[in-house]
Amino acid sequence: MNDRKDDSIDFGYQKVARSEKKSLVANVFQSVAAKYDVMNDLMSFGIHRLWKRYTIDCSGVRKGMKVLDIAGGTGDLTAQFSRRVGPEGEVVLADINDAMLKVGRDKLRDRGVVGNVRYVQADAEELPFDDNSFDIITIAFGLRNVTDKDKALRSMLRVLKPGGRLLILEFSKPVSATLNQAYDFYSFNILPKMGQVVANDADSYQYLAESIRMHPDQETLKSMMETAGYEKVDYQNMTGGVVALHRGYKF
Amino acid sequence: MTLLPLLPTVLFEKLANTLLKKDAQSPERLRRLAGKRIRLKLKELPFTTTVSVDDAGIYISTADSDDVDCCISTELGVLPELQDTANLTRLIKADQLDIDGDPMLAQQLVGLFKSLDVDWEGELANTLGDAPAHWLMTLWRKSRSHVEKRLEESKRWFKGVVTDEKQLLPTREEFNEFKDNMQQLRAKVERLQRQFGERKS
């Protein structure tokens, strides 16, 4: 879709050079990092907490497991995984953006989530971990910002242990036309204004809305996962398809 | 639909873990059940509920499909009857209950909360101060004892009216006698059916 092997790639609705996308995305997150949690609550009316909780429930996490939370941002998933894997397990919070990583690290430390959490600045396309090293990998609201999604999916498969599972929580395509229209109106008229008022940054939230529209829909992402080598791939729509949780296994 | 059962589940889990944290004995009780997982399938609900225990508390999930130590399939109305182990065989025979795994696990899990001993006066004192907390708890204890007394009186009065005065319902003794007679009658009918079946063949 937007991962063609030519020299340009989508950055929201704009076409930019492939080499530029990473730094443009980095600028967006550098800009929103401080207000990221507040904006998430405001934009989703708090429902993002339920989407994330459902992801945890579908992860099959147990004591002693090793979990990689890619694009972990401010650490919402990491905090819950940390409690569940216990001191024998480990959670690695990875993010390409150091500002997000710093906000996440400060937040988790303030909450007392320490001991079994490691922070790594990493690019999802070239994960700096050994082969077969994680029981669970999650990437929540991060994949659409990755330049080469196919490469990132292959990189995640490499570091996943046999029997392990990847969970991708991402904005997707609403299943009902009415909801789609309402969602479009909200995304392009209200969201950037909220971004302007709360985070003093309308452009980043305009990019957010555009990047969601350019992201592969449910079936496309499913087939991308299958092509990358994941098995038993399925997905579940949440909130009418506004968000979808894709799950795939490495056997 | 996916998210619908999630909100009450998350709230219940939070409440349960908050209560567990308020009892100093909870860590020891949790340690005994740590690692155990139990699943409840209620016919009336379109999702299953899985409870996992670890030494920090419990986790409730409506999306968990991995293996569990005990899986209970039943109906909502049957749940209160599960408190008494004497009912289990009867309910299984009546197809109202199916247990796969360790049947004692559910009772141990319920016991985790039944045995909670929370010092509510101490908890209140932390937020309101000692004197108001003591006054509130004394008021609560007196009100509860008063309500229980009145309830008991009302029950006695109602029982007198419907069984003795108006004779609308049988007394417990009459009901027990009727139950015994019914059992004897059922045994006789079964015997006759058997004899009839034997002669026919």
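All of these numbers come straight from a predicted model, not from anything done at the bench.

Peer 1: How should the overall build of chain B be read in this particular structure?
Peer 2: Along chain B, the regular secondary structure elements total seven helices and five strands. In chain B, the succession of α and β elements from N to C terminus is α-α-β-β-β-β-α-β-α-α-α-α. Whereas a compact globule of 201 residues would reach a radius of gyration of roughly 17 Å, chain B reaches 24 Å, over 25% beyond that. Reported as C-alpha extents along the three principal axes, the dimensions of chain B are approximately 80 × 55 × 35 Å. Of all 201 residues assigned to chain B, the portion counted as buried reaches 13%. Restricting the contact set of chain B to residue pairs at least 6 apart, pairs at least 24 apart contribute 57%.

Peer 1: Please explain the UniProt feature "binding site: S-adenosyl-L-methionine" (unreviewed entry) in chain A as it appears in this structure.
Peer 2: Residues and elements named next belong to chain A. According to UniProt, the positions carrying the feature "binding site: S-adenosyl-L-methionine" (unreviewed entry) are Thr74, Asp95, Asp123 and Ala124. The residue Thr74 is located in the loop between β3 (66-70) and α4 (76-85) in this model. Ignoring sequence-local partners within four residues, the contact set of Thr74 consists of Tyr36, Asp37, Met100, Val103, Gly104 and Lys107. In this fold, Asp95 is placed in strand β4 (residues 90-95). On the basis of neighbour counts, which here come to 28 C-beta atoms within 10 Å, the residue Asp95 falls in the buried class. If near-sequence neighbours (up to four positions away) are discounted, Asp95 is found in contact with Ala71, Gly72, Gly73, Met100, Leu101, Gly104 and Gln121.

Peer 1: Which parts of the structure should I look at to understand the confidence of the model for chain B?
Peer 2: The predicted coordinates should not be examined in detail at positions where pLDDT is low. When pLDDT is averaged along chain B, the result is 87, and 99% of the positions lie at 70 or above. Scoring the predicted complex yields pTM 0.77 and, for the interface, ipTM 0.75.

Peer 1: Mind showing me how you'd approach the UniProt feature "domain: SCP2" (unreviewed entry) in chain B here?
Peer 2: The sites that carry the UniProt feature "domain: SCP2" (unreviewed entry) are, in the present numbering, residues 17-114 of chain B. Annotation note: span residues 17-114 of chain B, helix share 31%, strand share 29%, distance between end C-alpha atoms 14 Å.

Peer 1: Help me understand the interface of chain A and chain B in this model?
Peer 2: Accessible area lost upon the coming together of the parts is a frequently used measure of interface size. Of the residues lining the interface, 13 residues belong to chain A; the matching set on chain B comes to 14 residues. Elements with a contribution of two residues or more to the side of chain A that touches chain B: α3 (47-59), α4 and β8 (231-238) of chain A. Ranked by the residues each element gives to the side of chain A that touches chain B, the list is headed by α3(A), at five residues.

Peer 1: In this structure, what is going on with the pairing of β4(A)? I would like to understand it.
Peer 2: Both faces of the sheet carry side chains from a regular strand, because those side chains alternate between them. All names here are of chain A. With six of six residues buried, β4 lies mostly within the body of the structure. Of the two faces of β4, the one lined by Glu90, Val92 and Ala94 and the one lined by Val91, Leu93 and Asp95 are each fully buried. Here β3 pairs with β4 via five bridges, running parallel. Across the sheet, residue Lys66 finds its bridge partner in β4, namely Glu90.

Peer 1: Any chance you could explain the sheet that holds strand β5 (residues 117-121) of chain A here in plain terms?
Peer 2: Across a sheet, strands are paired by hydrogen bonds formed along the backbone, either parallel or antiparallel in direction. Residues and elements named next belong to chain A. Here we have seven strands laid out as an open sheet, ordered β5-β4-β3-β6-β7-β9-β8, and mixed in their pairing. Either end of the sheet is taken by a strand with one partner, and the two such strands are β5 and β8. Taken pair by pair, the neighbouring strands of this sheet meet at an average axis angle of 15°, ignoring direction. Helix-sheet contacts for α4 involve β3, β4, β5 and β6 (134-140), and the interaxial angle to β4 is about 165°. Packed on one face of the sheet, helix α5 (residues 98-110) meets β4 and β5 and runs near 170° to β5.

The rules behind the values
- Residues numbered from 1 in each chain as written.
- Chains lettered and ligands numbered in written order.
- Predicted model: local features only at pLDDT ≥ 70, side-chain atom pairs only at ≥ 80, totals over all residues.
- Helix = DSSP H or I, 4+ residues; strand = E, 2+ residues; numbered from the N terminus.
- Rg over C-alpha atoms; globule rule 2.2 N^0.38 Å.
- Buried ≥ 20, exposed ≤ 12 C-beta atoms within 10 Å, placed from the backbone.
- Contact = placed C-beta atoms within 7 Å.
- UniProt positions renumbered as here; feature names shortened; annotations may be inferred.
- pLDDT = per-residue confidence, 0-100.
- Pairing = 2+ DSSP bridges.
- Axes fitted to C-alpha atoms, helices over the stretch in contact; angles between N-to-C directions.

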